[in-house]
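Take a look at the letters that make up each chain.
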Amino acid sequence: MATVTLTTLRSRVRERADMVGSSFIADAATGLDAWINEANQKLHGMLVDAMGEEYVSSTSSFTTVSGTADYALPAGFYKLYGVDLNFQGAWRSLLRYERSERNAYREMRPDLLPRYSIVGSNLRLYPSDVGGLSGSILYAPEATVLTAGSDSVSYPNGWEKYIVIDAAIQALLKEESSVTALMQERARIEQEIREAKEARDMATPKRAVDFELVELESDFLWR
């Protein structure tokens, strides 16, 4: 994956929009940089949806407090991959409870493995009676906002060209120029990303998850 700076992205956008040397649009947070960052967020979101952890992943640790159900999601949180909890001496993968199940799990026995739900900006665990347990949130972070010229992005397969094309479209729309050709090119890149879905790891095919086994291994069944 090649690293491309904001300065380079600005130059490439101006070339694609035929605005090299033009002062019609400024390299500023309210001008060209805004469109570059918007395109970067779109591309980042598409790749997270297409490849998940195989594209990007972060972790954040927390420790349970008895009587506390809510734990703040990490700064820059975008999408959740999973929640792990060190329970009864082993790391367990938590399962989610549905909204209609909240009271059943709120009153669940504290010797059973909790379930989780995302509520606003918090991770909520029920039951909440056990403290001192180590937990880990596995998640996709948000796209980094580019502000300085040296700030950079690094995407596989040269897909940073999506940022260039999308931002060039916005620049040309402001100029009230035709964007048909660029929109077609952007659509081709989006199709490439859709076709690459879950195909980064070609070594071993993915398989269905046996959730009954997950629950049994996690000592999750009601007793």
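Keep in mind it's a predicted model, so treat the numbers as computed, not measured. (Residues numbered from 1 in each chain as written. Predicted model: local features only at pLDDT ≥ 70, side-chain atom pairs only at ≥ 80, totals over all residues. Heavy atoms only, no water.)

As summarised here, the arrangement of the three strands in space is S3-S7-S6, forming an open sheet in which the pairing is antiparallel. Edge positions in the open sheet fall to strand S3 (70–72) and strand S6 (115–119), since each of these has one partner strand only. For this sheet, the mean angle separating the axes of adjacent strands, direction not counted, is 30 degrees. In the sheet, S6 pairs with strand S7 (residues 122–126) via five bridges, with the strands oriented antiparallel. Of the residues in S7, the one forming a bridge with Tyr116 is Leu125. (Pairing = 2+ DSSP bridges. Helix = DSSP H or I, 4+ residues; strand = E, 2+ residues; numbered from the N terminus. Axes fitted to C-alpha atoms, helices over the stretch in contact; angles between N-to-C directions.)

Let us look at the sheet that holds strand S2 (residues 58–63). What the four strands build is an open sheet, ordered S2-S8-S4-S5; its pairing is antiparallel. Edge positions in the sheet fall to S2 and strand S5 (90–93), since each of these pairs with one other strand and no more. Ignoring which end each strand starts from, the neighbouring axes of this sheet average 30 degrees apart.

So, about the pattern of salt bridges. Per the stated rule, a full pass over the model turns up 10 salt bridges. One salt bridge in this structure joins Arg124 and Asp70, with 2.6 Å as the shortest N-O distance. Residue Arg124 is located in strand S7, and its partner Asp70 is located in strand S3; the two are separated by 54 residues in the primary sequence. Residue Glu98 is joined to Arg96 by a salt bridge in which the shortest nitrogen-to-oxygen separation is 3.2 Å. Glu98 gets classed as partly exposed once you look at its relative accessible area, which sits at 37%. (Salt bridge = Lys/Arg side-chain N within 4 Å of Asp/Glu carboxyl O. Buried < 20%, exposed > 50% of the residue type's maximum accessible area, 1.4 Å probe, protein only.)

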